[in-house]
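Close look at the chain arrangement
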Amino acid sequence: MEKVIQDFKVQDDKQAIKRWYDGYTIGDTEEIYNPWSVLNYLTDKKLKPYWVNTSSNDLIKLVLKNSIGVKAKIDRLLRDEEIEVSINLETVITGIENNEDNIWGLLLGTGYLKVTEYKGEGMYQVKLPNYEIKELFQSIIRDWFLNKVPGNTLKEILADLINLKLDIFEQKFERLVKEMFSYMDVGEDTAENFYHAFILGMLVGLKDSYYVNSNRESGLGRYDIMLEPKDKNGNSFIMEFKVLEDKKEKTIEETIANAKKQMEEKQYEANLRERGFTNITKMIFAFKGKQVRMEVL
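Below or above, wherever it landed, is the structure these notes cover.

Reading the values: rules and limits
Residues numbered from 1 in each chain as written. Predicted model: local features only at pLDDT ≥ 70, side-chain atom pairs only at ≥ 80, totals over all residues. Heavy atoms only, no water. Salt bridge = Lys/Arg side-chain N within 4 Å of Asp/Glu carboxyl O. Helix = DSSP H or I, 4+ residues; strand = E, 2+ residues; numbered from the N terminus. Pairing = 2+ DSSP bridges. Axes fitted to C-alpha atoms, helices over the stretch in contact; angles between N-to-C directions. Contact = heavy atoms within 4.5 Å. Buried < 20%, exposed > 50% of the residue type's maximum accessible area, 1.4 Å probe, protein only. Phe/Tyr/Trp six-rings, centres within 6.5 Å; stacked < 30°, edge-to-face > 60°. Lys NZ or Arg CZ within 6 Å of the ring centre and 35° of its normal. Arc of directions from axis to C-beta.

1. What to know about the pattern of salt bridges
Side-chain pairs of opposite charge can arise whenever the charged atoms involved come near each other. On inspection of all chains with the given rule, the structure shows 12 salt bridges. Between Asp22 and Lys18 there is a salt bridge, and its shortest N-O distance comes to 2.6 Å. The salt bridge involving Glu228 is made with Arg275; its shortest N-O contact spans 2.9 Å. Remark: Arg275 occurs in the loop between helix H12 (270–274) and strand E11 (280–288) and Glu228 occurs in strand E9 (residues 225–229); sequence separation between them is 47 residues. A network of salt bridges, in which partner residues are shared, links Lys18, Asp22 and Glu31.

Put into structure tokens, the structure is as follows:
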């Protein structure tokens, strides 16, 4: 891989390529890259999912969507944690969504999971191998949430956002949360990722007029979401998500204050300003369970 990076003169993207497409192991050999994705990246020079988009992933979506016990574990994987699961290496496809062991076996056998340790008696410690796979899981979660949002409601909320009718946007968003999210979706340990994924899914409706970026570097850190208008005269947005941490904060107001401090110190808007964007709105979403507060800086 080092020679490929040198020959194609992509040294500046070396770490990003590793983050996106590395992570596989064959026997004792580690740092195995997905060759299909790397070859496509070298052609397009764009970091995006390639291999996971070569098929519809319908089976993966089916088993994850219909398997209640899998949701919390997926959330932990999306937070880059390792989880311990029972895996049936002789996966039976028929009725697979009704058997968690078969689900994890399918994900492992098809390259969507990586074993980090065998615990014995069919138990394995696993994690997501790379960011390409993480993107797929995030898109599946976005689909779950979008199925809960009526089309007209979504269009209205997005129109309120981009036209800076933020008080109305906040009211509608809070109502949507209360009416459509289950407590399982926004449990204390899973809220931040679910809100993040849900809003990303909502913003797909703006793809004709906006670029939607997530978890990228800008200024001195990584923002959660950046909404960049294709017309530089349009309104751009930077969004930060924070869940109340009981050990550090007593109220949502404290959570908002900490998020505000982080946004200011990290200068997330630097990338936009360097490229000539001036109409920048910074938004903080602070939440605990179904309780959500939004603040505009």
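Here the narrative resumes.
2. Comments concerning the sheet that holds strand E3 (residues 83–86)
The strand order across the open sheet formed by three strands is E3-E5-E4, and the pairing between neighbours is antiparallel. The open sheet is flanked by E3 and strand E4 (114–120), the only strands paired with a single partner. Direction aside, the axes of adjacent strands within the sheet are offset by 35 degrees on average. In this sheet, strand E5 (residues 123–127) lies alongside E4 in antiparallel orientation, the contact comprising five bridges. In the sheet register, Lys114 faces E5, and the bridge partner there is Lys127. Where helix H6 (residues 100–109) meets the sheet, its contacts fall on E3 and E4, and the angle it forms with E3 comes to roughly 115 degrees.

3. Details of H6
Among the 10 residues in H6, seven count as buried, and that is most of the element. Restricting attention to buried positions, one finds in H6 the residues Asn102, Ile103, Trp104, Gly105, Leu106, Leu107 and Leu108. Just downstream of H6, Gly111 is the residue with a positive phi angle, here 90 degrees.

4. Observations regarding the packing of aromatic side chains
For the structure on display, the rule yields eight aromatic pairs. Ring geometry for Tyr118 and Tyr124: centres 4.8 Å apart, planes at 50 degrees, overall tilted. The ring of Phe277 has Lys232 lying over it, and the distance from NZ or CZ to the ring centre is 5.5 Å.

5. Notes on the sheet that holds strand E6 (residues 210–214)
Spatially, five strands are ordered E6-E9-E10-E11-E12 in an open sheet, and the strand pairing comes out mixed. Looking along the sheet, the strands with just one partner apiece sit at the ends: E6 and strand E12 (291–296). With direction set aside, neighbouring strand axes in the sheet form an average angle of 15 degrees. With three bridges connecting them, E9 and strand E10 (residues 236–243) associate as antiparallel partners. Along E10, the bridge assignment pairs Leu227 with Phe237.

6. What to know about unusual backbone geometry
You will see that Glu31, though not glycine, has its phi angle at about 55 degrees, which is positive. Tracing the sequence through the fold places Glu31 in strand E2 (residues 29–32). The phi angle at Leu164 is positive, at roughly 60 degrees, despite the residue not being glycine. With respect to the helices and strands, the residue Leu164 is situated in the loop between helix H8 (151–162) and helix H9 (166–180).

7. Let's talk about the pairing of E10
Of all eight residues that make up E10, seven are buried, and the element is covered over most of its length. Bridge count for E10 against E11 is eight bridges, and the pairing is parallel. Within the sheet, the bridge partner assigned to Phe241 lies in E11 and is Phe285.

8. Looking at helix H2 (residues 14–21)
Taken together, the buried positions of H2 are Ile17, Trp20 and Tyr21. On an axial view of H2, the arc spanned by its buried residues comes to 70 degrees, and they lie on one face.

9. Comments concerning the side chain of Lys282
Looking at the element boundaries, Lys282 is found in strand E11. On the accessibility criterion, Lys282 (15% relative accessible area) is buried. In this structure, Lys282 is in contact with Ile238, Met263, Glu269, Glu295, Val296 and Leu297, ignoring residues within four places of it in sequence.

The analysis is restricted to geometry; functional conclusions fall outside its scope.
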